[in-house]
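Here is what each chain is made of, one letter per residue.
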Amino acid sequence: MRIIVQAWRQYDRNSEGNFESYPVDNVSEDMSFFEMLDMLNNQLLKDGKDPISFDHDCREGICGTCGIMINGRAHGPLKGVTTCQLHMRSFKDGDTLVIEPWRARAFPVIRDLVVDRSGFDRVMEAGGYVSVSTGGVPDANVIPILKDDADSAFDAAACIGCGACVAACKNSSAMLFVGAKVSQYALLPQGQVERKSRVKNMVGQMDVEGFGNCTNTSACEVECPKEISVENIARLNREFVKASF
Amino acid sequence: MILNSKIPEGPVSQKWNNHKFSMKLVNPANKRKYDIIVVGSGLAGGSAAATLAELGYNVKAFSYHESPRRAHSIAAQGGINAAKNYPNDGDSIYRLFYDTVKGGDYRAREANVYRLAEVSNNIIDQCVAQGVPFAREYGGLLDNRSFGGAQVSRTFYARGQTGQQLLLGVYSALVRQMNTGKVQFFPRHDMLDIVKVDGKARGVVTRNLETGEITSHSAHAVILATGGYGNVFFLSTNAMASNVTASWRAHKQGACFANPCFTQIHPTCIPVSSDHQSKLTLMSESLRNDGRVWVPKKAGDDRNPNNIPDEERDYYLERLYPSFGNLVPRDVASRRAKEMCDKGHGVGPTKLAVYLDFADVIHRNGKDWVSEKYGNLFDMYRQITGENPYETPMKIYPAVHYTMGGLWVDYNLMSTVPGLHVLGEANFSDHGANRLGASALMQGLADGYFIIPYTIGDYLAQGGLKEVRTSDDTFQHAERLVKESLEKMLAIKGSKTVDDIHKELGKVMWEYVGMARNKEGLEKALELIPKLKDDFWKNVLIPGGINEYNPELEKASRLADFLELGELMARDALHREESCGGHFREEFQTEENEAKRNDEDFTYAAAWEYNGGDGNPLLHKEELKFDEVSLTTRSYK
Ligand SMILES: Cc1cc2nc3c(=O)[nH]c(=O)nc-3n(C[C@H](O)[C@H](O)[C@H](O)COP(=O)(O)OP(=O)(O)OC[C@H]3O[C@@H](n4cnc5c(N)ncnc54)[C@H](O)[C@@H]3O)c2cc1C
Ligand code: SF4
Ligand code: FES
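Residues numbered from 1 in each chain as written. Chains lettered and ligands numbered in written order. Predicted model: local features only at pLDDT ≥ 70, side-chain atom pairs only at ≥ 80, totals over all residues. Heavy atoms only, no water.

Take the pattern of salt bridges next. Scanning the entire structure with this criterion turns up 61 salt bridges over all chains. For Lys84(B), the salt bridge goes to Asp139(A), with nearest N and O atoms at 2.9 Å. You can see Lys84(B) sitting in the loop between strand 3 (80-81) and helix 4 (93-103) and its partner Asp139(A) sitting in the loop between helix 2 (118-125) and helix 3 (147-157), one on each of two chains. On the basis of relative accessibility, which here comes to 13%, the residue Lys84(B) falls in the buried class. Among the ionic pairs, Asp410(B) bridges to Lys6(B), the shortest N-O distance being 3.6 Å. You can see Asp410(B) sitting in the loop between strand 16 (406-407) and strand 17 (420-422) and its partner Lys6(B) sitting in the segment before helix 1 (15-22), a full 404 residues away along the chain. A relative accessible area of 3% means that Asp410(B) is categorised as buried. We classify Lys6(B) as partly exposed; its relative accessible area is 39%. (Salt bridge = Lys/Arg side-chain N within 4 Å of Asp/Glu carboxyl O. Helix = DSSP H or I, 4+ residues; strand = E, 2+ residues; numbered from the N terminus. Buried < 20%, exposed > 50% of the residue type's maximum accessible area, 1.4 Å probe, protein only.)

Bringing unusual backbone geometry into the picture now. With phi around 65°, Ser218(A) is a residue other than glycine that occupies positive phi space. Tracing the backbone through its elements, the reader meets Ser218(A) in the loop between helix 6 (195-208) and helix 7 (219-223). Residue classification places Ser218(A) among the partly exposed positions, given a relative accessible area of 28%. One non-glycine residue, Asn259(B), lies in the positive phi region at around 45°. With respect to the secondary-structure elements, Asn259(B) resides in the loop between strand 10 (257-258) and strand 11 (263-269).

What follows is about the domain arrangement of chain B. All names here are of chain B. Along its sequence, chain B is carved into domain 1 (266-399) and domain 2 (475-605). On a C-alpha basis, the centroid separation for the pair domain 1 and domain 2 is 30 Å. Every contact between the two is made by 13 residues of domain 1 and, on the other side, 11 residues of domain 2. Across the domain 1/domain 2 interface, buried area totals approximately 850 Å², and carbon plus sulfur atoms make up 52% of it. On the domain 1 side of the contact with domain 2, Arg 335, Arg 336 and Lys 338 bury the most area, a combined 52% of that side's loss. Connecting domain 1 to domain 2 are 1 salt bridge. (Domains from an automatic or database assignment. Contact = heavy atoms within 4.5 Å. Buried area = accessible area lost by both parts, 1.4 Å probe.)

Residue and element names in this part refer to chain B. Counting residues in each nonpolar core, the largest one holds 234 residues, and the members touching the most others are Ile 80 and Phe 134. No other element matches the 12 residues that helix 16 (residues 551-575) contributes to this core. In this structure Phe 134 touches Ile 80, Ile 124, Cys 127, Val 128, Leu 142, Phe 156, Tyr 157, Ala 158, Thr 162 and Leu 166, once residues within four positions along its chain are discounted. (Core = buried A, V, L, I, M, F, W, Y, C linked by side-chain atoms within 4.5 Å.)

A few words on the packing of helix 2 of chain A against helix 6 (residues 162-180) of chain B. Between two packed helices, the angle of one axis relative to the other and the distance separating the axes together describe the packing. Axis separation between helix 2 of chain A and helix 6 of chain B bottoms out at 8 Å; the angle between their running directions is 85°. In terms of their interaxial angle, helix 2 of chain A and helix 6 of chain B are classed as roughly perpendicular. Counted together, Phe120(A), Asp121(A), Met124(A) and Glu125(A) of helix 2 of chain A and Tyr171(B), Val175(B), Met178(B) and Asn179(B) of helix 6 of chain B form the full contact between these two elements. Looking at the contact of helix 2 of chain A with helix 6 of chain B, its residues break down into 5 nonpolar, 1 polar and 2 charged. (Axes fitted to C-alpha atoms, helices over the stretch in contact; angles between N-to-C directions. Parallel < 35°, antiparallel > 145°, perpendicular 65-115°, else oblique. Nonpolar A, V, L, I, M, F, W, Y, C, P; charged D, E, K, R; others polar.)

In this complex, chain A contributes 69 residues to the contact, which on the side of chain B involves 73 residues. Summing both partners gives a buried area of about 6,200 Å² for chain A against chain B, and 51% of it is carried by carbon and sulfur. Joining chain A to chain B, the criterion identifies 9 salt bridges. For Asp500(B), the salt bridge identified is with Lys46(A), shortest N-O distance 2.8 Å.

Our next topic: the site of ligand 1. All names here are of chain B. Of all residues adjacent to ligand 1, which total 37 residues, the nearest are His 65, Ser 73, Met 191, Glu 425 and Leu 441. Measuring from an oxygen atom of ligand 1, one finds a backbone N or O atom of Ala 44 at 3.0 Å. Separating a nitrogen atom of ligand 1 from a backbone N or O atom of Gln 77 is a distance of 3.4 Å. Isolated, ligand 1 exposes 1,000 Å² of accessible area, and the fraction of that covered by the protein chains is 98%. Going through the elements one at a time, helix 3 (43-55), strand 6 (189-197), strand 15 (394-403) and helix 12 (440-461) are the ones with two or more residues in the shell around ligand 1. (Near = heavy atom within 4 Å. Polar contact = N/O pair within 3.5 Å; in protein donor to acceptor, adjacent residues only side chain to side chain. Areas by Shrake-Rupley, 256 points an atom, 1.4 Å probe, with all protein chains shown as cover.)

With that out of the way, let us pick up the domain arrangement of chain A. Accessible area lost when the parts come together is the quantity often used to give the size of an interface. Residues and elements named next belong to chain A. The domain architecture assigned to chain A consists of domain 1 (3-110) and domain 2 (118-244). A straight line from the C-alpha centre of domain 1 to that of domain 2 covers 29 Å. In this assembly, 20 residues from domain 1 lie in contact with 20 residues from domain 2. Summed over both sides, the interface of domain 1 with domain 2 buries roughly 1,500 Å², with 54% coming from carbon and sulfur. Our enumeration of links across domain 1 and domain 2 arrives at 2 salt bridges. Glu 223 is paired through a salt bridge with Arg 73; the nearest N and O atoms lie 3.0 Å apart. Summed over the shared surface of domain 1 and domain 2, the number is 4 residue pairs in polar contact (both at pLDDT 80 or more). In the side of domain 1 that touches domain 2, the residues fall into 10 nonpolar, 6 polar and 4 charged.

Right, let's get into helix 6 of chain A. Residue and element names in this part refer to chain A. The end-to-end C-alpha distance of helix 6, which contains 14 residues, comes to 21 Å, matching closely the 20 Å that a straight helix rising 1.5 Å per residue would cover. Tucked inside the fold, the buried residues of helix 6 contact helix 2, helix 5 (175-186) and helix 8 (231-243). Backbone geometry just downstream of helix 6 places Gly 210 in the positive-phi region, at approximately 90°. (Expected span 1.5 Å × (residues − 1).)

Take the sheet that holds strand 1 (residues 35-39) of chain B next. All names here are of chain B. Spatial strand order, 5-2-1-9-17: 5 strands in an open sheet with parallel pairing. Of all the strands in the sheet, the pair left with one neighbour each is strand 5 (183-186) and strand 17. Averaged over all pairs of adjacent strands, the angle between their axes in this sheet comes to 20°, without regard to strand direction. Judged from the 3 bridges that link them, strand 9 (residues 221-224) and strand 17 form a sheet pairing that is parallel. The residue of strand 17 that forms the bridge with Leu 224 is Val 422. Of the strands in this sheet, strand 1, strand 2 (58-62), strand 5 and strand 9 are in contact with helix 3, which crosses strand 2 at around 160°. (Pairing = 2+ DSSP bridges.)

This is the structure in structure tokens:
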């Protein structure tokens with residue numbers, strides 16, 4: 001099939017960007033979306049043009065490195081799927097794909113579709129951990145944990161830090177990302193000691209980084225490739241209120 | 001050069017304890033006077049960086065990834081081993097040690113493997129304390145499952161995302177230290193060389209991948225934890241950016257590269273579907289706990305698998321290996337799959353696949369049970385192939401997955417360059433000729449959390465490290481060389497893209513240095529690879545310049561090293577005239593087509609010293625002594 005790719009091109013943080021259009025022929029259904037971009041890039045290179053830069057690594061939906069807006073949807077049209085897991089069988093001959101980077105004040109563009117998500121790391125630095133050093137910890141089976149709690153903590157811990165929630169939100173809020181991490185620890189006995197300071201510090205840093213407020217539209221949950229639930233945002237709010245008293 | 005493995009005296013179970021006691025210590029107040037560079041922030045590097053900072057050292061950590069939460073380690077699915085014996089099924093440190101030595105086909109160093117088994121339990125304790133959400137039973141205690149090459153259940157797991165949860169645990173420990181300032185983290189920084197002063201590793205040269213800026217950094221010791229080199233085959237289950245550059249550049253500066261030909265081909269991957277394929281996806285080995293591997297008895301039978309009755313199916317692993325069945329080690333399972341396909345029993349459009357069937361377990365335990373255990377793997381399979389594995393058997397085929405070979409290290413994890421330590425998949429140490437499932441995560445975390453924090457202190461306390469600065473000539477010179485090499489590649493402006501050449505290399509490697517090797521093929525590879533290397537240096541096409549974000553330049557610089565490594569792999573495979581573990585030489589097999597070792601002549605680790613790159617590396621042998629485990633033919637029958 002033939003696909004028209006309309007890609008955002010931007011040289012670096014300081015330059016203005018613009019869209020450019022490229023036809024891609026001989027796209028097969030079994031190709032992944034990135035394999036289609038690989039093919040386009042190989043052609044651009046041979047034509048003496050600059051390939052389209054995009055971030056990716058595992059190409060199996062787990063590392064959280066990839067993330068492209070495709071026709072206005074974070075990670076494309078499918079639910080619960082990262083950009084790298086998208087296959088061309090989701091599109092049809094003649095389709096135009098408008099591809100853009102995550103757009104958020106806290107995620108400056110580095111080149112084309114590549115953005116700087118280090119704000120997430122700084123939010124984590126502010127409190128996304130249990131303060132235990134290596135060694136001197138008790139046997140793993142000393143603390144039994146209710147299977148349901150362990151499972152819920154896991155559901156929250158499954159966040160891959162891709163940033164789609166931020167990109168999908170009209171306020172560029174990071175509440176789903178932060179809520180997922182705060183929830184993981186709030187649900188586990190290991191997280192209790194620092195429960196209050198953690199949520200305060202992480203939320204504080206989130207504001208410093210320029211992530212916006214929650215708009216309660218749940219756009220984040222819809223676009224999250226790991227289907228992290230907005231319940232985590234509700235829990236984040238409760239934890240924050242509790243920590244303030 | 002003489003290889004000194006520095007294995008401590010005493011019985012194997014006492015060596016690590018004795019060694020810990022006899023090592024020199026750096027007193028707490030002095031630790032802050034030492035700077036340590038850690039390259040790589042996967043499980044091995046991240047755990048090392050965090051732990052060293054907790055101890056008080058100043059750590060500078062580098063990764064080409066944008067964040068320490070990303071690394072190839074995150075993709076590990078199945079689990080991590082430990083000798084906890086929680087299920088009370090007869091496991092022990094000794095048994096984990098024994099299984100690992102045997103699984104590695106007796107080509108690993110006993111003392112290291114024993115230590116690995118010994119610290120395995122501490123790893124699980126550490127991860128749980130950090131809040132890693134391992135799978136639990138209804139009673140609230142940790143759950144285990146079994147993996148290939150073992151008859152006990154010793155694998156801890158977090159659904160099919162164990163690597164992710166372990167790496168996020170490491171990341172949490174690391175960001176905590178970044179917050180205190182004890183770890184300075186450099187994201188999107190590619191290490192392109194090490195810097196030696198007085199023969200000792202004292203720094204690195206890096207390129208900032210966003211701005212292209214080339215700088216050097218100094219320290220008292222350097223740690224590489226830069227992962228494996230499976231991507232030399234182009235197609236593998238490794239993440240796209242995984243590469244050999246850090247190890248290879250260290251090799252060119254004197255670090256011996258050991259057993260480069262020991263690569264692991266994983267039996268259960270989604271088969272290649274087209275020429276555009278950019279990578280291969282693993283279906284975790286844990287699936288072999290409940291899935292049954294089979295091919296049609298009749299060659300060329302292309303009926304829908306659900307229409308092939310049981311008696312016309314060959315469950316060949318269960319037939320050939322009644323006691324281990326579908327859970328034989330990876331090398332055995334891979335080779336048998338290839339053999340079935342070579343004999344015409346392969347299935348699917350390419351005929352290069354076998355079935356992995358879950359019908360029995362779905363019938364026995366129900367779909368929900370299966371989806372609870374393997375849901376994300378089944379979803380992944382469906383996403384990639386468009387087929388539903390709950391209804392039709394998965395199609396799988398072996399693919400390159402892991403590299404047992406790597407930089408040679410002594411018992412202290414130090415390479416042949418003093419001060420240069422190597423951890424995780426990047427070193428050669430613990431898995432011999434074949435790694436058992438769920439043992440790489442264990443090794444990476446053992447190296448980083450529990451071994452290097454001790455052994456590096458011993459090195460630093462020996463003293464003799466003078467002050468150095470990056471303004472010194474040695475550092476400036478190293479920066480210049482890195483720049484010149486990149487400029488040289490960029491100036492070629494030929495007609496072939498990096499991927500074009502990498503794919504060609506991958507084909508040669510898979511064909512001649514892949515699952516089954518022979519003399520003729522390896523000699524052919526030794527002819528073809530240097531030609532590809534010439535082609536690269538004449539015809540490669542890289543756009544743009546050095547001082548900008550330039551992913552094609554990154555890839556080109558990595559490919560240049562893969563081309564040299566590929567040649568060494570073929571040479572190593574040619575010289576090892578035996579079959580062992582993942583290294584299968586067709587000339588050396590038993591009547592039942594099992595690997596035939598030659599213990600008389602090859603019970604050693606082959607450590608290659610770089611010698612100017614003219615195709616004549618020097619071979620050093622570390623003889624392996626087996627005091628505890630007697631060498632027998634591995635049998636999984
Ligand atoms: C799909 C898959 C599934 C797996 N499943 C399991 C499993 O279930 N159980 C198990 O035990 N093992 C498993 N493994 C193996 C295991 O995941 C790896 O061997 C292990 O995670 C390697 O960890 P590492 O820390 O050594 O390296 P990596 O995680 O590869 O980390 C390398 C680090 O080094 C950095 N780096 C590399 N080169 C440079 C450079 N030149 N400059 C700067 N930084 C650099 C990278 O940025 C990265 O941070 C699996 C592997 C694959 C491919
Ligand atoms: S919450 Fe979902 S969308 Fe947001 S970073 Fe995590 S995985 Fe991505
Ligand atoms: S590339 Fe890893 S999640 Fe998409």
